[in-house]
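Notes for the structure review
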Amino acid sequence: MSELFADVAVRAQLFSNPASIFTYHVPAQLRSTVVEGALVWVPFGRQRVQGIVLALYTSLPPHIQRTPEQQPSGPASLADDPQLPTIRPIIELSEAGITIPPHLLRLARWLHGYYRARLWDALELLLPPGAEQEAEVAWRATPHGMHVELGTLPASERGVLYYLRRNGETSEKVLHDALHGSPSELRRLCLALKERGLLTRATALSRPKARTQHERMVRLLVPPADLPNAISELGRATKRIAVLQSIAERVAVAAPSNGPGAGPLVSARDLPLMTLRELAERDYVELSAREVVRNPLDGAAIKPDVPPELSPLQARVLAPITDAVQQREHAVFLLHGVTGSGKTELYLRAIARTLRQGRQALVLVPEIALTAQLVRRFAARFGEQVVVLHSGLSLGERFDTWRRLRRAEARVVVGSRSAVFAPLPELGLIVVDEEHEPSYKHEEGVRYHARDVALELAALTESVVILGSATPAIESYQRAREGAYTLLELPERVGRKANGASQPIPLPPVRIVDMRLELQHGNRSIFSRPLQRALTQVLRKRQQALLFLNRRGTAAFVMCRDCGYVVGCPRCSSPLTVHIVGDEPIQGVRSPGYELLRCHTCGHRELAPSVCPECWSSRIRHFGIGTQRVVAAVEELWPEARVLRWDRDVTGRKGAHDRLLQSFLNHEADIVVGTQMIAKGLDLPLVTLVGVVSADTGLHLPDFRAGERAFQLMAQVAGRAGRRDLGGEVIMQSYTPDHYALQAAAAHDYHSFFQEEIAFRADTHYPPFSQLVRFLTSGPNADTVRLAAEALAERVRVALGRLSFTDAAVIGPAPAFMERMRGKYRWHLLVRAPDIHPLLDELGPLSGWTVDVDPGSML
């Protein structure tokens, strides 16, 4: 039999080998089970680490990569050269028996090359949640240690040996948790006992954080007619009789089994295992186990829907999408439709066609808040074929969903950013809803953009992509203009007549209120006079309103009016935000609460000062507004209004988004005050008024995308109003009402905004007319960080010169916008070039630097 070798990407970090790919021998007992994509255990130095098989060879590959302790490569046959056994063997498959599909292995290599991430970090994105394990140091007593007189040992060593004699082999971590003390002291004691021959060192695997869950099942083997005789045979064993009768009662109400002469399986999770085993030994019952799938949609009461009639324009736009799906050809469509134009219905029709082709569909949404309503619509159309996948689920739910998708048991997955890595072996369609959203960019680890990953994934799987948005990213719209994507447009809203036929609905009128004039007229309220009148009208008509503010808390910062001191985070260069804690209503009565200052960057908390810490003045005041303050102002002006707050502070618990949405849809609240998470994608039928408390937030940040982000946010939040025949209006409050982004959003005019913005990008050579990379470093010493940034900037300039780039530019180095974060100083520099990858190849690996290709933010 020929030998088998494998290239394995290992879970180890080597600066000299960023890919961490090494060659291993596949032993005979694993040849039938080790496949490409398998998660395995391999030796690495003195360690035992996880790895993923990337490729298999029947002879030793010429590019052989040996682990550090292996000898130089030799001939291709193990039998020909005694040095070749130094190609160490794979130890075993992972306990979970996990395999990654081939197309996702290729995607991981692309992530590694494009974003310059460690290959293992890219592969780890593809693994089921909780599958990671580590080999830990463990200790056990030797035969001599099991019989030595404990009294002859020092007290500290005696405790360690006594514990191991009673509990057997134990990992060092568990031993530390049980005996306390410092890890170094515990290691010293174990080594001392090892020297005496009383302990031996071993390796223990940490338990996976997530595993398949099973439920104990039982089958009654006694025919119903013979049950009285069986009970009689048990005599006075009352416990056994009670359990047998309980099983018989469950069998009576369960559906009969299809098996000849066999009763149905029934749950036995609440029955004593010892008694069940005793009954099984007497052949009264048969025990088994059934896998339990943890599905967050279980128990959800979702009524099936009937597809509505498409408008003529919707039907024309849908035709090229369904044609591409039908022909199984790779294509990218940019679906530019105003809010309420029926984009979701087109997604549903395209998915239905994909399912009829026997393929799977992936739907990405930018916010967890959007998944609840969207999943209900998809489940109403496709039933149990739909699963949801996002970080708000439990580890077990995500693990089970991953396995269902890998086995192709579910056909449609709806999820946030990370769902793009779901194991879909029969993928045929990818929908990226709200494709412009910055939250698709991952800001740690592998700094990928889910939209761009989706495009690469579609190319690898010959799938169709729909990029949907009312406000497409400038880069996406430009690519559509250049012909790289097929542009499809829905310029009007779609409503329904009483007979179900479609009819156009006008977009809501938008009014920009100049808050400078409000101040001149003596109005110092958070709300302008037009917004106050509109809110009063909405409450009188028993309709609903949405108040948007892109800031949590009560106030933006606390400042002393005498010396100008601003209360900041001791670990970050950001001001602390005021929150009121303990002010939630209890039985309709609001408790006073207390003021707490929070850092939204690192989580630091402290009580709000009553006097200035610098000059001891009592004239220390709150400045700016947050969602809590807006809620308080609404309750003061309209005490009869039922107000709901919707921001990150109140949505931390599982299912919070769904509960808040359902409460508002059930009209249990009149006004919602919220942040970005309510600004997009939600369909709120009774909302006839949207008030933007401060349209200036984020408008003047030092980021070339600031205008685009402001336009998109204002256009999206305006789209929540007037989505039914009740009509609606939008009021934006601003101190810079003439800004082109706000004027375009007020006119619902994406095309005029695009023309203004694309001209600015062309003049400044920003994307889409170039590519950016951001280099970021941090450290506890400000001077060290600055010098490192200056040194890299010089290296970059020299490298650009060698590459003869004439239209490249180095911006910086400079302190980051948030100069200090979590106790570390931060410097960055940007490089702009037609293609930044030749530069990255020239620079090579950069230890101590974060390399962010296509950064989503300049801050």
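Described in the following lines is the structure provided in the data block. (Residues numbered from 1 in each chain as written. Predicted model: local features only at pLDDT ≥ 70, side-chain atom pairs only at ≥ 80, totals over all residues. Heavy atoms only, no water.)

1. Some points on the overall build of the protein
Selection rule: Segments assigned H or I by DSSP are reported as helices when at least four residues long, segments assigned E as strands when at least two residues long, and all are numbered from the N terminus. Think of it in three bands: with a 1.4 Å probe and only protein chains considered, a residue is buried below 20% of the maximum accessible area for its type, exposed above 50%, and partly exposed in between. The contact rule is simple, with two residues in contact once any of their heavy atoms fall within 4.5 Å. Areas reported as accessible are Shrake-Rupley estimates using a 1.4 Å probe. Residue values count occlusion only from the protein chains shown. Counting rule applied: Lys, Arg positive; Asp, Glu negative; His and chain ends not counted. Positions of charges follow a simple convention, taking NZ of Lys, CZ of Arg, CG of Asp or CD of Glu.
Regarding its fold elements, the protein presents 24 helices and 37 strands. Once the C-alpha set of the protein is aligned to its principal axes, its extents read approximately 90 × 80 × 70 Å. Of all 859 residues assigned to the protein, the portion counted as buried reaches 51%. Considering only residue pairs separated by 6 or more positions, the protein has 74% of its internal contacts joining residues 24 or more positions apart. Here the protein displays about 39000 Å² of accessible surface, and carbon together with sulfur accounts for 51% of that area. Across the protein, the 101 positively charged side chains and the 92 negatively charged ones have centroids separated by 3 Å.

2. Here's the deal with the nonpolar core
For the record, the criterion: In this description, a nonpolar core means a group of buried Ala, Val, Leu, Ile, Met, Phe, Trp, Tyr and Cys residues linked to one another through side-chain atoms lying within 4.5 Å.
Of all hydrophobic cores here, the largest spans 116 residues; its most connected members are L123, L362 and F775. Ranked by residue count, the leading element in this core is helix α23 (residues 782-803), at seven residues. Sequence-distant contacts of L123, defined by excluding residues within four places in its chain, comprise A9, I52, L54, I100, L105 and A108. If you look at the next biggest cluster of nonpolar residues, it comprises 35 residues, including F333, A350, L374 and V388.

3. What to know about the packing of aromatic side chains
How we decide: Ring pairs are drawn from Phe, Tyr and Trp, using the six-membered ring of Trp, whenever the two centres fall within 6.5 Å, and their geometry is named by plane angle: stacked under 30 degrees, edge-to-face over 60, tilted for the rest. When the NZ atom of lysine or the CZ atom of arginine is within 6 Å of a ring's centre and also within 35 degrees of its normal, the charge is said to sit over that ring.
Under the counting rule described, the total for this entry stands at 13 aromatic pairs. Between Y114 and Y115 the ring centres are 4.9 Å apart and the planes differ by 80 degrees, which places this aromatic pair in the edge-to-face class. You can call Y115 buried: its relative accessible area is 3%. An angle of 85 degrees between the planes, with centres 5.0 Å apart, marks the rings of F421 and Y448 as edge-to-face. Taken together, the residues F421 in the loop between β15 (412-415) and β16 (427-433) and Y448 in the loop between β16 and α14 (450-461) connect sequence positions 27 residues apart. With respect to burial, F421 and Y448 carry one shared label: buried. One Lys or Arg, R48, reaches over the ring of W41 and ends 5.5 Å from the middle of that ring. Here the guanidinium or amino end of R820 rests over the ring plane of Y825, the centre of that ring lying 5.5 Å away.

4. As for the pairing of strand β31 (residues 671-674)
Basically, it comes down to this: Two strands qualify as a pair provided DSSP detects at least 2 bridges between them.
Alternating positions in β31 separate into two faces, I671 and V673 on one and V672 and G674 on the other, with burial throughout. With four bridges connecting them, strand β22 (residues 544-548) and β31 associate as parallel partners. Residue pairing for β31: F548 is matched across the bridge by G674. Judged from the four bridges that link them, strand β30 (residues 643-646) and β31 form a sheet pairing that is parallel.

5. Some words on the pairing of β22
Of all five residues that make up β22, five are buried, and the element is covered over most of its length. Relative to strand β32 (residues 687-692), β22 is paired through five bridges, and the arrangement is parallel. Across the sheet, the residue bridging to L547 is G691, located in β32.

6. Here we look at the state of the cysteines
Here is the rule: Two cysteine sulfurs form a disulfide in these notes if their separation is within 2.5 Å.
The final tally for this structure, using the stated rule, is zero disulfides. Distance from the sulfur of C599, which forms no disulfide, to the nearest cysteine sulfur (C569) is 3.8 Å.

7. Here's the deal with the sheet that holds strand β5 (residues 92-93)
In spatial order, the strands read β2-β1-β4-β3-β5; together these five strands make up an open sheet with antiparallel pairing. Unpaired on one side and paired on the other, β2 (21-25) and β5 mark the two borders of the sheet. Two strands pair when backbone bridges link them, and strand β1 (residues 5-10) and strand β4 (residues 47-57) are joined in this way by six bridges, in the antiparallel orientation. When the sheet's bridge partners are listed, A9 is paired in β4 with I52.

8. Quick word on the pattern of salt bridges
We count it as follows: The term salt bridge refers to a side-chain nitrogen of Lys or Arg lying within 4 Å of a carboxyl oxygen of Asp or Glu.
Throughout the structure, instances matching the rule amount to 41 salt bridges. In this structure, R219 and E286 form a salt bridge, with 3.4 Å as the shortest nitrogen-oxygen distance. With R219 in strand β9 (residues 213-220) and E286 in strand β11 (residues 285-292), this residue pair connects regions lying 67 residues apart in the sequence. Among the charged side chains, a salt-bridge network with shared partners connects D305, E345, R349, R377 and R381.

9. Quick word on the environment of V26
You can see V26 is positioned in the loop between β2 and β3 (39-44). According to the relative accessible area criterion, V26 is buried, its value standing at 0%. With 32 residues separating them along the chain, V26 and T58 place their C-alpha atoms 9.9 Å apart.

10. So, the side chain of D433
Structurally, D433 is set in strand β16. This buried residue, D433, is left without a salt bridge; K343 holds the nearest opposite charge, at 6.0 Å.

11. What to know about unusual backbone geometry
With omega at 15 degrees, the peptide bond leading from P767 into P768 counts as cis. Here P768 shows up in the loop between α22 (750-764) and β34 (771-779). In the segment running from G812 into P813, the intervening peptide bond is cis, with an omega of 10 degrees. As for its position among the elements, P813 is in strand β35 (residues 809-821). Notably, W616 is not glycine yet its phi reads approximately 65 degrees, a positive angle. Tracing the chain through its elements places W616 in the loop between β28 (605-607) and β29 (620-623).

12. Brief notes about the side chain of T354
Turning to its location among the elements, T354 is positioned in helix α11 (residues 343-356). Since its relative accessible area comes to 1%, T354 is described here as buried. Each residue touching T354, except ones within four places of it in the same chain, is listed here: V325, R359, Q360, G428 and L429.

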